[in-house]
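An overview of the molecular structure
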Amino acid sequence: MLKAIHVALTLSVITLTVMTAPSAFAAPLKVVASFSVIADFAKNVGRDRVEITTIVGPNGDAHVYEPKPADAVAMAGADVVLVNGLHFEGFLQRLVEASATQAAVVELTKGVTPIEFKPEFAEEDAHEQGHEGHGSLDPHAFQSVANAKIYVRNIADAFCAADSDGCVGYQTNADAYIKKLDALDGEVRAAIASIPENKRVVITSHDAFGYFEHAYGLTFLAPQGISTDAEPSAADVAKLISQVKQDRAAAIFVENITNPKLIEQIAAETGIKVGGTLYSDSLSPADGPASTYIDMMRNNIAQIKGAILGS
Ligand code: ZN
């Protein structure tokens, strides 16, 4: 009996010590980001108060990524898990379940107006597959800078919920970064405005740029549809090639996350030279041209302008 009371007292002393610990947040907030773009946003909001683990790293493809045991360990130990949502991360549900994480899993597309995916070339395939696994909403919302700002606000709110002592700092960092994003949005608009309207058609491998198209008025044609988890059929590719010959697409690009073979085939059959690499669903490694979100958008508009205007 006495022993039990002693244990109870000791426990309450420990609890008290934890509760009255100095308010400075000693350990960094442990954040898991599902892919590299989100990790970059989180870094800008959290700075040195957060420790970020990225699941799908530079040049990785979140549509088809296979989680590793280390990912489940990181998820299990996380304070906050940041994800895109809209079925962008094909692996997410399995990983959340396998890790049994207690952390809040925050979908950063919350508050974004989603756009419907309208398959142009993979229509029959999409019907056959019933859009299994990826739904009919386009998940690549981060390709519009206005949406990137929504992601950043959601990250600041998620960090505030998990670490209220750091909240003022997170909101201040988010405000500063959003100012940079506003400037970036202006750069993208100016770049597209410099391209004659009849030349604003480009080809990429998969449909990652629907929100870019919607926000900035450049048309993207893609043989592979919204996800990279299925190969386009020969008929889809033939259909795209005949449309390209009719519509005179101005430029064609490979993507950092997809196999360039298909794009090279289309380039050869249409006589359009491959314009370069667009970063679609992930950043480049640190020494590459798109190691941050801002650099990714700048790289993409420079590549598009360069290929179309020949500068
Ligand atoms: Zn994608």
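Values in this document were obtained by computation on a predicted structure and should not be read as measured data. (Residues numbered from 1 in each chain as written. Predicted model: local features only at pLDDT ≥ 70, side-chain atom pairs only at ≥ 80, totals over all residues. Heavy atoms only, no water.)

Quick notes on the environment of L137
Here is the rule: Only DSSP runs of H or I reaching four residues or more are called helices, and only runs of E reaching two or more are called strands; each is numbered from the N terminus. Here, two residues are considered to be in contact whenever any of their heavy atoms come within 4.5 Å of each other.
The topology assignment puts L137 in the loop between α5 (123-129) and α6 (145-162). Along the sequence, L137 and E116 sit 21 residues apart, while their C-alpha atoms lie 4.6 Å from each other. Excluding residues that lie within four positions of it along the chain, L137 makes contacts with L86, P114, I115, E116, F117 and I226.

A few points about the sheet that holds strand β2 (residues 50-56)
Through backbone hydrogen bonds, the strands of a sheet pair up, either in parallel or in antiparallel fashion. Operational definition: In this analysis, strands are considered paired if DSSP registers two or more bridges between them. Think of each axis as a best-fit line through the C-alpha atoms, taken over the contacting stretch in the case of a helix, with angles from 0 to 180 degrees between the N-to-C directions.
The sheet built from four strands is open, its strands ordered β2-β1-β3-β4 with parallel pairing. Each end of this open sheet is capped by a strand with a single partner; those strands are β2 and β4 (104-107). Across the sheet, the mean angle separating the axes of adjacent strands is 25 degrees when strand polarity is ignored. As paired strands, strand β1 (residues 29-35) and β2 are joined by six bridges and run parallel to one another.

Let's talk about the pattern of salt bridges
Side-chain pairs of opposite charge can arise whenever the charged atoms involved come near each other. Operational definition: Only one rule defines a salt bridge in this text: a Lys or Arg side-chain nitrogen within 4 Å of an Asp or Glu carboxyl oxygen. Three exposure classes are used, based on accessible area relative to the maximum for each residue type with a 1.4 Å probe and protein chains only: buried under 20%, partly exposed in between, and exposed over 50%.
Counted by the stated rule, this structure contains six salt bridges. R94 is paired through a salt bridge with E66; the nearest N and O atoms lie 3.5 Å apart. Here E66 lies in the loop between β2 and α3 (69-76) and R94 lies in helix α4 (residues 92-99), a separation of 28 residues in the sequence. Residue class for R94 comes out partly exposed when judged on its relative accessible area of 46%. The partner of E187 in a salt bridge is R298, with the nearest N and O atoms 2.9 Å apart. Placement of the pair is E187 in helix α7 (residues 167-193) and R298 in helix α11 (residues 293-309), with a sequence separation of 111 residues.

Thoughts on the sheet that holds strand β8 (residues 274-278)
The strand order across the open sheet formed by four strands is β6-β5-β7-β8, and the pairing between neighbours is parallel. Pairing within the sheet leaves two strands with one partner each, and these edge strands are β6 (219-221) and β8. Strand after strand, the sheet turns through a mean of 35 degrees between neighbouring axes, direction not considered. Bridge count between strand β7 (residues 251-255) and β8: three bridges; the pairing is parallel. For E255, the partnering residue across the bridge sits in β8 and is L278. Against the sheet, helix α10 (residues 261-270) makes contact with β5 (201-203), β7 and β8, and its axis sits at roughly 165 degrees relative to β7, the strand it touches most. Lying over the sheet, α11 contacts β5, β6, β7 and β8, oriented at roughly 175 degrees with respect to β8.

Considerations on the packing of aromatic side chains
Quick note on the threshold: Between rings of Phe, Tyr and Trp, where Trp is taken as its six-membered ring, a pair exists when centres lie within 6.5 Å; planes separated by under 30 degrees are stacked, by over 60 edge-to-face, and by other angles tilted.
Counting across every chain of the model gives eleven aromatic pairs. The interplanar angle of 65 degrees and the centroid separation of 4.9 Å between the aromatic rings of F41 and Y293 together place this pair among those described as edge-to-face. Residue F41 is found in helix α2 (residues 36-46), and its partner Y293 is found in helix α11; the two are separated by 252 residues along the sequence. We note that F41, like Y293, is buried. One aromatic cluster is present, built from ring pairs that chain together F41, Y151, Y177 and Y293.

As for α11
Here is the rule: Here the expected span of a helix is defined as 1.5 Å times the quantity of residues minus one.
Compared with the 24 Å implied by 1.5 Å per residue over 17 residues, the 24 Å span of α11 between its first and last C-alpha is a close match. Those residues of α11 not exposed but buried are Y293, I294, M296, M297, N299, N300, I301, I304, G306 and I308. Where α11 terminates, the next one or two residues include G310, which has phi positive at roughly 70 degrees.

Focus on the state of the cysteines
Our working rule: The disulfide criterion is simple: two cysteine sulfur atoms within 2.5 Å.
Applying the stated criterion across every chain, the model contains one disulfide. One disulfide bridge connects C160 with C167, the sulfur atoms lying 2.1 Å from each other. Residues C160 and C167 share a disulfide whose torsion about the S-S bond is about 90 degrees; that sign makes it right-handed.

Some details on the coordination of the zinc ion
Ideal donor angles around a metal are set by the shape: a four-donor tetrahedron calls for 109.5 degrees, a six-donor octahedron for 90 or 180 degrees. Convention followed: Note: metal donors comprise N, O and S atoms at 2.8 Å or less from the metal (3.2 Å for Na, K and Ca); water molecules are not included, so apparent gaps in a site are possible.
Around the zinc ion, the protein supplies H63 (NE2), H140 (NE2), H206 (NE2) and D281 (OD) as donor atoms, at distances of 1.9 to 2.0 Å. Looking at D281, the relative accessible area reads 0%, which means it is buried.

Concerning the confidence of the model for the protein chain
Worth spelling out the cut-off: How sure the predictor is of each residue is captured by pLDDT, a score from 0 to 100.
For the protein chain, per-residue confidence averages 87 on the pLDDT scale, and residues scoring 70 or more make up 86% of the total. Contacts for the low-pLDDT stretch residues 1-23, under 50 throughout, to residues beyond four places or in other chains number one contact. Taken together, the stretch residues 122-134 has pLDDT below 50 and engages in 18 contacts with residues farther than four places along the chain or on a different chain.

Details of the packing of helix α9 (residues 234-247) against α10
Quick reminder of the rule: Angular relationships are summarised with four words: roughly parallel below 35 degrees, roughly antiparallel beyond 145, roughly perpendicular across 65 to 115, and oblique for the angles in between. The sense of a crossing depends on the near helix, which, turned anticlockwise from the far helix by less than a right angle, makes the crossing left-handed and, turned clockwise, makes it right-handed. Any residue outside Ala, Val, Leu, Ile, Met, Phe, Trp, Tyr, Cys, Pro, Asp, Glu, Lys and Arg is labelled polar, Gly included; the first ten of those are nonpolar and the last four are charged.
Contact pair α9 / α10: the axes reach a minimum separation of 10 Å and the direction vectors enclose 45 degrees. With respect to their mutual orientation, α9 and α10 come out oblique. The interaxial crossing formed by α9 with α10 has right-handed handedness. Contacts from V237, L240, I241, V244 and K245 of α9 reach α10 at L262, Q265, I266, E269 and T270. Of the residues that constitute the contact of α9 with α10, the class distribution is six nonpolar, two polar and two charged.

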